[in-house]
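The lines below spell out each chain.
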Amino acid sequence: MGPLTQPLLESEDVAWFRDDESLPASTRGAAAALARRLGFDEQRCAEVSLAVSEAATNLRKHAVDGALLLRIVRTEQDAGLEIVTTDEGPGMPDIARCLVDGTSSTGTLGIGLGAITRLADSFDVHSLPGRGTVLTARFWTKDAARRSAARGEPVVAGLTRPITGEVVCGDAWAARTTGPRTTEPTAAATHRVAAREPAADPLGWAALTGFRPAPDRPRPVREATAPTGDVEGPALLLMFCDGLGHGPLAHRASEAAVTAFRESRSHDPAGVITEIHKALRGSRGGAVAVVRVEPLTRSLLFCGVGNVSTFVVDSETNGRRSLLSAPGIVGHQLPNLRAVRQELPRHGGVVMHSDGLTERWKPGSLPGFLEHSPLVAAAQLLREAGVRRDDAGVAVVKGHW
């Protein structure tokens with residue numbers, strides 16, 4: 001497997017807007033100001049404002065308990081604006097028809113969704129009739145849009161929502177690519193696990209992201225020791241932190257965890273958590289989980305401390321498998337760390353979330369959510385399982401492995 005070249009989008013959730021009469025006007029103004037801050041020209045600012053206004057108007061006219069999130073996304077070169085809308089119904093039985101201009105259930109011109117798809121550089125929507133809808137749209141400058149199209153869609157995304165009454169969230173997530181692990185095998189690292197036979201040919205990053213689907217040949221399950229040395233190949237590290245409590249102090253702890261994660265040189269989840277533990281000393285601390293996704297072995301390595309929920313989801317069987325964290329508080333009481341390896345189901349995904357989402361959600365009750373972008377999948381989980389009485393955060397990684 002060659003080096004991972006797919007860039008990751010860093011995101012900053014700027015503000016959530018709840019459904020009320022002022023929603024179209026308030027979100028339109030906030031989106032225009034944010035676009036100007038990001039360096040969009042006047043024409044692009046006007047287009048962003050129009051698209052956001054249409055999305056907010058749709059929530060007001062058609063949805064129940066709607067909400068709109070404005071956020072910033074960044075690569076090493078560019079910054080863009082992204083919107084996420086969620087609602088609790090009534091949903092769209094025929095999305096394709098709703099995207100056609102002239103389709104309206106309220107007697108309007110029916111150009112709202114169509115206008116958003118034309119103006120956005122990236123658009124996705126997933127609706128569950130009778131339950132609710134999630135919509136996402138991303139906007140770049142003209143030059144950045146060309147670079148974004150060449151890169152393709154990211155394989156990991158997440159979002160956060162503060163507890164009602166707060167403006168900052170104590171949950172945070174981050175992702176980065178990393179090289180092969182080089183640790184020597186130990187007694188803890190050689191427990192037997194179920195794993196797929198490695199592919200005869202290298203699995204490139206393009207295959208992971210879906211630009212070149214991997215060959216669908218049978219791969220028997222075998223009992224194998226967890227790989228050591230450099231046999232895992234390049235990988236993706238995903239970290240989730242739930243700062244203790246909520247409010248500014250919890251936010252400060254989770255941001256310190258993100259900084260430590262990005263600065264860490266460790267390729268191993270347990271090593272990353274150890275470094276985050278050092279960085280969180282003197283803070284409130286928090287629950288932290290780290291997963292290392294290895295496309296070459298079609299498996300992951302997981303280590304967690306505290307109450308971050310982590311699941312491996314199989315989109316073909318609608319099953320999910322929980323990965324359990326050890327009790328403790330990173331930054332205060334760190335237990336003996338032990339990483340576990342888990343096979344990745346074909347076309348499946350990994351979900352990490354805080355206790356701001358209940359664990360009662362089931363993949364079978366969200367048909368098709370993993371067929372969409374990771375951001376839509378994360379937003380659908382937040383809509384389905386999120387609670388208002390706590391900070392809520394969720395991250396999803398999915399790809400063709």
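Our subject in this report is the structure included herewith. (Residues numbered from 1 in each chain as written. Predicted model: local features only at pLDDT ≥ 70, side-chain atom pairs only at ≥ 80, totals over all residues. Heavy atoms only, no water.)

Scanning the chain for helices and strands turns up 9 helices and 17 strands. Scored against the burial criterion, the 401 residues of the chain give a buried share of 54%. Partitioning the contacts of the chain with sequence separation of at least 6, the portion at a separation of at least 24 is 74%. When the accessible surface of the chain is summed, it comes to about 16,900 Å², and 51% of that surface belongs to carbon and sulfur atoms. (Helix = DSSP H or I, 4+ residues; strand = E, 2+ residues; numbered from the N terminus. Buried < 20%, exposed > 50% of the residue type's maximum accessible area, 1.4 Å probe, protein only. Contact = heavy atoms within 4.5 Å. Areas by Shrake-Rupley, 256 points an atom, 1.4 Å probe, with all protein chains shown as cover.)

Below, the discussion takes up the packing of helix α1 (residues 23-37) against helix α2 (residues 42-62). The N-to-C vectors of α1 and α2 enclose an angle of 155°; their axes lie 8 Å apart at closest approach. The orientation of α1 with respect to α2, classified from their angle, is roughly antiparallel. Between α1 and α2 lies a crossing of right-handed hand. Taken together, the residues of α2 that come into contact with α1 (itself represented by Leu23, Pro24, Thr27, Arg28, Ala31, Ala32, Ala35 and Arg36) are Glu42, Cys45, Val48, Ser49, Val52, Ser53, Ala56, Thr57, Leu59 and Arg60. (Axes fitted to C-alpha atoms, helices over the stretch in contact; angles between N-to-C directions. Parallel < 35°, antiparallel > 145°, perpendicular 65-115°, else oblique. Left-handed = near helix turned anticlockwise from the far one by under 90°.)

Moving on to α1. Compared with the 21 Å implied by 1.5 Å per residue over 15 residues, the 21 Å span of α1 between its first and last C-alpha is a close match. Check the buried side of α1 and you find it contacts β1 (10-18), α2, β2 (67-74) and β3 (79-86). Residue glycine 39 follows α1 closely and has a positive phi angle near 90°. (Expected span 1.5 Å × (residues − 1).)

Further remarks concern the sheet that holds strand β17 (residues 392-398). One open sheet holds the 5 strands; their spatial order is β6-β17-β16-β13-β14, and the pairing between them is antiparallel. A single partner strand is all that each edge strand has here, and the edge strands are β6 (156-161) and β14 (319-323). The sheet shows a mean angle of 20° between the axes of neighbouring strands, direction not considered. Sheet analysis places strand β13 (residues 309-314) next to strand β16 (residues 349-353), joined by 5 bridges and oriented antiparallel. By the bridge assignment, serine 309 is partnered in β16 with histidine 353. Strands β6, β16 and β17 of the sheet are contacted by helix α9 (residues 374-385), whose axis makes an angle of about 35° with β6. (Pairing = 2+ DSSP bridges.)

Let us look at the pairing of strand β5 (residues 132-139). For β5, a buried count of 8 out of 8 residues is recorded, marking the element as mostly surrounded by other parts of the structure. The alternating pattern of β5 places Gly132, Val134, Thr136 and Arg138 and Thr133, Leu135, Ala137 and Phe139 on opposite faces, both of which are buried. With 6 bridges joining them, β3 and β5 adopt antiparallel strand pairing. Following the sheet pairing, threonine 86 is matched in β5 by valine 134. Sheet topology places strand β4 (residues 122-128) next to β5; 7 bridges connect them, and they run antiparallel. Paired with aspartate 124 across the two strands is threonine 136, which belongs to β5. Counting the residues that bridge the hairpin from β4 to β5 gives 3 residues, and of these glycine 130 lies at a positive phi of roughly 85°.

It is worth spelling out the layout of surface pockets at this point. It is a probe the size of a water molecule, rolled over the atoms, that shows where empty space is left. Empty space within the largest pocket amounts to approximately 1,200 Å³. Along the wall of the largest pocket there are 45 residues; nearest its centre are Ser11, Glu12, Asp13, Thr160 and Trp173. Of all the elements in the fold, those that place two or more residues in the lining of the largest pocket are β1, β2, β6, β7 (171-178) and α7 (248-263). The element contributing the most residues to the lining of the largest pocket is β1, with 8 residues. Across the lining of the largest pocket, the residue classes break down as 18 nonpolar, 12 polar and 15 charged. (1 Å grid on protein atoms, 1.4 Å probe; cavity = no way out; pocket = protein on both sides within 12 Å on 5 of 7 lines; lining within 4 Å. Points joined across faces, edges and corners; volume = space filled by probe spheres on them. Nonpolar A, V, L, I, M, F, W, Y, C, P; charged D, E, K, R; others polar.)

Turning our eyes to something else, we now look at unusual backbone geometry. Cis peptide bonds are those with omega within 30 degrees of zero, and the linkage from glycine 89 to proline 90 qualifies with 5°. Mapped onto the secondary structure, proline 90 falls in the loop between β3 and α3 (95-98).

The next subject is the packing of α7 against helix α8 (residues 269-280). At a minimum axis separation of 9 Å, α7 and α8 run at an interaxial angle of 135°. Taken as axis vectors, α7 and α8 run oblique relative to one another. Considering how the two elements wind past one another, α7 and α8 form a crossing that is right-handed. Between α7 and α8, the residues in contact are Ala253, Ala256, Ala257, Ala260 and Phe261 and Val272, Glu275, Ile276, Ala279 and Leu280, respectively. Its residues assigned to classes, the contact of α7 with α8 comprises 9 nonpolar, no polar and 1 charged.

In this section: the packing of aromatic side chains. According to the stated counting rule, one finds 1 aromatic pair in the structure shown. A centroid spacing of 5.3 Å and a plane angle of 80° characterise the contact between phenylalanine 311 and tryptophan 361, whose relative ring orientation is edge-to-face. Note that phenylalanine 311 is positioned in strand β13 and tryptophan 361 in the loop between β16 and α9, a separation of 50 residues in sequence. Phenylalanine 311 sits in the buried class, given a relative accessible area of 2%. Across from the ring centre of phenylalanine 261, 5.0 Å away, lies the NZ or CZ of arginine 176, which sits over that ring. Here arginine 320 stacks its cationic end above the ring of tryptophan 361, 4.8 Å away from the centre of that ring. (Phe/Tyr/Trp six-rings, centres within 6.5 Å; stacked < 30°, edge-to-face > 60°. Lys NZ or Arg CZ within 6 Å of the ring centre and 35° of its normal.)

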